[in-house]
Amino acid sequence: MKEKLTALAVMRDAPVIPVIVLHDVAHAVPLARALVAGGIRMLEVTLRTPQALQCIEAIAKEVPDAVAGAGTIRSAADAQAAALAGARFGVSPGYTRAVGKACHDIGLPLLPGVATGSEIMMAQEDGLTELKFFPALQAGGVAMLKAWQGPFGDVTFCPTGGIHAGNANEFLSLSNVACVGGSWIVPNDAVQAGDWAKVTELARAASQLAR
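Residues numbered from 1 in each chain as written. Predicted model: local features only at pLDDT ≥ 70, side-chain atom pairs only at ≥ 80, totals over all residues. Heavy atoms only, no water.

> I'd love a proper account of the overall build of the protein, names of residues and values included.
Counting its secondary structure elements, the protein contains 10 helices and 9 strands. Against the globule reference of 17 Å for 211 residues, the protein gives a C-alpha radius of gyration of 16 Å, in line with a compact fold. In terms of overall dimensions, the protein has a C-alpha envelope of 45 × 35 × 30 Å along the principal axes. Across the 211 residues of the protein, 51% fall into the buried class. Long-range contacts, defined as pairs at least 24 residues apart, comprise 63% of the intrachain contacts of the protein with a sequence gap of at least 6. (Helix = DSSP H or I, 4+ residues; strand = E, 2+ residues; numbered from the N terminus. Rg over C-alpha atoms; globule rule 2.2 N^0.38 Å. Buried < 20%, exposed > 50% of the residue type's maximum accessible area, 1.4 Å probe, protein only. Contact = heavy atoms within 4.5 Å.)

Structure (structure tokens):
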């Protein structure tokens, strides 16, 4: 039996959650293995392509050391389809009560996206205290997260959007940040070329970031 995941456990597993966009199901398993080899096992496969659910299913079945999650959850139907495919956590670009309730009802830990104080308060009212700050750079970046430390000191964030190897440390040094989300460890050119050694190298560097 797989351990029961919480949103906080997902965030604390490694400094970076990769934001993955897959166009070819054949890439899913080798990419997941390459990331796990580099020390990254919480994998956010975004529901931005028609193949995404098949990719989640393949990773869930064939890479036992990886934890497949679904990103870009925008509806209750998305959450249900992701869980059926084998996703063990969900990530959304924003937050609605319908999405929150759907994930709660099916036992899918959710990292909902927030960009304002009102959205944080709504998520907290629904019992969610681990949140994705998105789009992080465009919505105020490090300065916004510092401003939220006072009124929302009981909230833990995963900033995503515009984060890369060059600025990840600045976010990870904040007391209210548990991890960051980023696509830089799964560069599209490396995925298309099947350069899994490159992905492992980037994942290893990301897994060793200080926080």
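Next comes the rest of the description.
> Tell me about the packing of aromatic side chains, and name the residues and values.
We describe a pair of aromatic rings using the distance from one ring centre to the other and the angle between the two ring planes. One pass over the full model with this rule turns up 2 aromatic pairs. The interplanar angle of 25° and the centroid separation of 5.3 Å between the aromatic rings of tryptophan 148 and phenylalanine 157 together place this pair among those described as stacked. Looking at phenylalanine 157, the relative accessible area reads 0%, which means it is buried. Pairwise contacts between aromatic rings join Phe133, Trp148 and Phe157 into one cluster. Its guanidinium or amino end placed over the ring of phenylalanine 134, lysine 132 lies 4.5 Å from that ring's centre, counting from NZ or CZ. (Phe/Tyr/Trp six-rings, centres within 6.5 Å; stacked < 30°, edge-to-face > 60°. Lys NZ or Arg CZ within 6 Å of the ring centre and 35° of its normal.)

> I'd love a proper account of the pattern of salt bridges, names of residues and values included.
Opposite charge on two side chains makes pairing possible when the charged atoms of those side chains draw close. Taken as a whole, this structure holds 5 salt bridges when the rule is applied. Between arginine 41 and aspartate 13 there is a salt bridge, with its nearest N and O atoms 3.0 Å apart. Separated by 28 residues along the polypeptide, arginine 41 in the loop between helix H2 (25–37) and strand E2 (42–46) and aspartate 13 in the loop between helix H1 (7–12) and strand E1 (16–20) bring together distant segments of the chain. Of the residues examined, arginine 41 reaches a relative accessible area of 28% and is grouped as partly exposed. Since its relative accessible area comes to 28%, aspartate 13 is described here as partly exposed. The shortest N-O distance in the salt bridge between aspartate 105 and lysine 101 comes to 2.7 Å. Placement of both aspartate 105 and lysine 101 in helix H5 (residues 97–106) is noted, with a separation of 4 residues, approximately one turn of the helix. (Salt bridge = Lys/Arg side-chain N within 4 Å of Asp/Glu carboxyl O.)

> Can you break down the sheet that holds strand E6 (residues 113–114) residue by residue, with the values?
Reading across from one edge, E6-E7-E8 is the order of the 3 strands in this open sheet, with parallel pairing throughout. Strand pairing shows two members of the sheet lacking a second neighbour, E6 and strand E8 (156–159), which therefore form its edges. For strand E7 (residues 130–133) and E8, the ladder comprises 4 bridges, and the chain directions are parallel. Residue glutamate 130 lies in a different strand from E8, and its bridge partner there is threonine 156. (Pairing = 2+ DSSP bridges.)

> An account of the packing of H2 against helix H3 (residues 52–62) is needed here, citing residue identities and associated values.
The contact between H2 and H3 brings their axes to 8 Å, and the two run at 45°. Taken together, the axes of H2 and H3 are oblique relative to one another. The element H2 and its partner H3 pack so that their crossing is right-handed. For the pair H2 and H3, contact is made by Val25, Ala28, Val29, Ala32 and Arg33 and by Gln54, Cys55, Ala58, Ile59 and Glu62, respectively. When grouped by side-chain class, the residues that make up the contact of H2 with H3 number 7 nonpolar, 1 polar and 2 charged. (Axes fitted to C-alpha atoms, helices over the stretch in contact; angles between N-to-C directions. Parallel < 35°, antiparallel > 145°, perpendicular 65-115°, else oblique. Left-handed = near helix turned anticlockwise from the far one by under 90°. Nonpolar A, V, L, I, M, F, W, Y, C, P; charged D, E, K, R; others polar.)

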